[in-house]
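Structural features, examined
Chain by chain, the residues:
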Amino acid sequence: MTRVRRPIASSDFTAIPRTKQIIETLPDMLRICPRHGEEVTIREGELLPKQGGGVPFAEANWEGCCDGAIDGVMEILGLIDRAKQTYRDELARELEPEHIGEMVAIELDTGDYFVGADEIDAADKARAAGHEGSLYFLRVGSPYAHRMVTPRQ
Amino acid sequence: MQIDGYFNAQNEPVIRLDLGLASTDVLVDTGFDGGLTLPSQVANQLDLTYVGLEGFISAFEETIVAKTYSIELDWLGKRVRVSVIVSPRINQALLGSHMLKDCRLIIDYGERTVTIIAS
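Computed from a predicted structure; not experimentally measured. Here, residues in each chain are numbered from 1, in the same order as that chain's written sequence. Each chain takes a letter, starting from A, and each ligand takes a number, starting from 1, following the order in which they are written. Under the rules for a predicted model, residues below a pLDDT of 70 receive no local features and side-chain atom pairs below 80 are neither given nor counted, while totals for whole chains, interfaces and linings still include all residues. Note that water and hydrogens are dropped before the side-chain values are worked out from all heavy atoms of the structure.

Residue and element names in this part refer to chain A. To form a nonpolar core, buried Ala, Val, Leu, Ile, Met, Phe, Trp, Tyr and Cys residues must be joined to one another through side-chain atoms within 4.5 Å. Only protein chains enter the accessibility calculation, which uses a 1.4 Å probe; a residue is then buried when its area is under 20% of its type maximum, exposed when over 50%, and partly exposed in between. Counting 35 residues, the largest nonpolar core has Trp62, Tyr87 and Val104 as the members making the most contacts within it. Sorting the residues of this core by element identifies α1 (16-25), β3 (60-64), α3 (67-95), β4 (103-107) and β6 (135-139) as the ones contributing at least two each. Each helix is a run of H or I in the DSSP string that is no shorter than four residues. Each strand is a run of E no shorter than two, and both are numbered from the N terminus. Broken down by element, this core gets its largest block of residues, twelve residues, from α3. Contact definition: two residues touch when any of their heavy atoms are within 4.5 Å. For Tyr87, the contacting residues outside a window of four places in its chain are Ala92, Leu95, Glu96, Val104, Ile106, Leu138, Val140, Gly141 and Ser142.

Structure, rendered in structure tokens:
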């Protein structure tokens, strides 16, 4: 099967390691094309011999089995980034410090949010208010929902 | 009402948890602030309800995006709904501190006993 490649702008190269890490951890339903069963990746070109202060490689591309698969991954990453940004730019001011430690469910499509004691409580509030869209959870006062302290493989 | 556990071969506190369609041993991990995490092969056997996505930080500082589900189970004499994180990056069942919020956890390394009591 022919692979689809989509160039990444050199100005976005610095974000590639983090983006690749997040892609690798995405649930299979988001990372793997539902039509062709292949995963979407980012592939960097050969390392440049004289990097100087510039970019480390000449090119980098999104790669996948079809445009739809690449679009799907890019969309979900964009929505997650937007949810985090919505929290940082708007919700942190509204929710901190009163709701520190509680869970906020942000509807990815609309940016609407619901606060609860945990994911289930926040999701119940979203559904009760008629929101059917995908939810992304963050803990109020934190850039993530949970933290695992004990190292486990 | 109480749950009695045991120590596994790695000297970690473990309890057996009835998850409805399957039972599994879960590590009691107070370093995890959520409800439950389950490996995919265990989660696939269960009647889980999809709730949403969330990011969490592993002990290796890796940001992981995972699916969160809910499950109903009996916990210390009550029927409760609990959040369950499932990711290919998780290969161990963990019971986090959110499950322990109304409990007393007694880990007696001397007597080799693990007890969770409703408080």
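Moving on, we get to the sheet that holds β3(A). Residue and element names in this part refer to chain A. The criterion for strand pairing is that DSSP finds at least two bridges linking the strands in question. Pairing in this open sheet of three strands is antiparallel, and the strands run β1-β3-β2 from one edge to the other. Either end of the sheet is taken by a strand with one partner, and the two such strands are β1 (4-7) and β2 (41-44). The average angle at which neighbouring strand axes cross in this sheet is 35 degrees, direction not considered. Here β2 pairs with β3 via four bridges, running antiparallel. Of the residues in β3, the one forming a bridge with Thr41 is Glu63. Here the axes come from fitting lines to C-alpha atoms, over the contacting stretch only for helices, and the angles between their N-to-C directions go from 0 to 180 degrees.

Take it as geometry only, folks, not as evidence of what the structure does.
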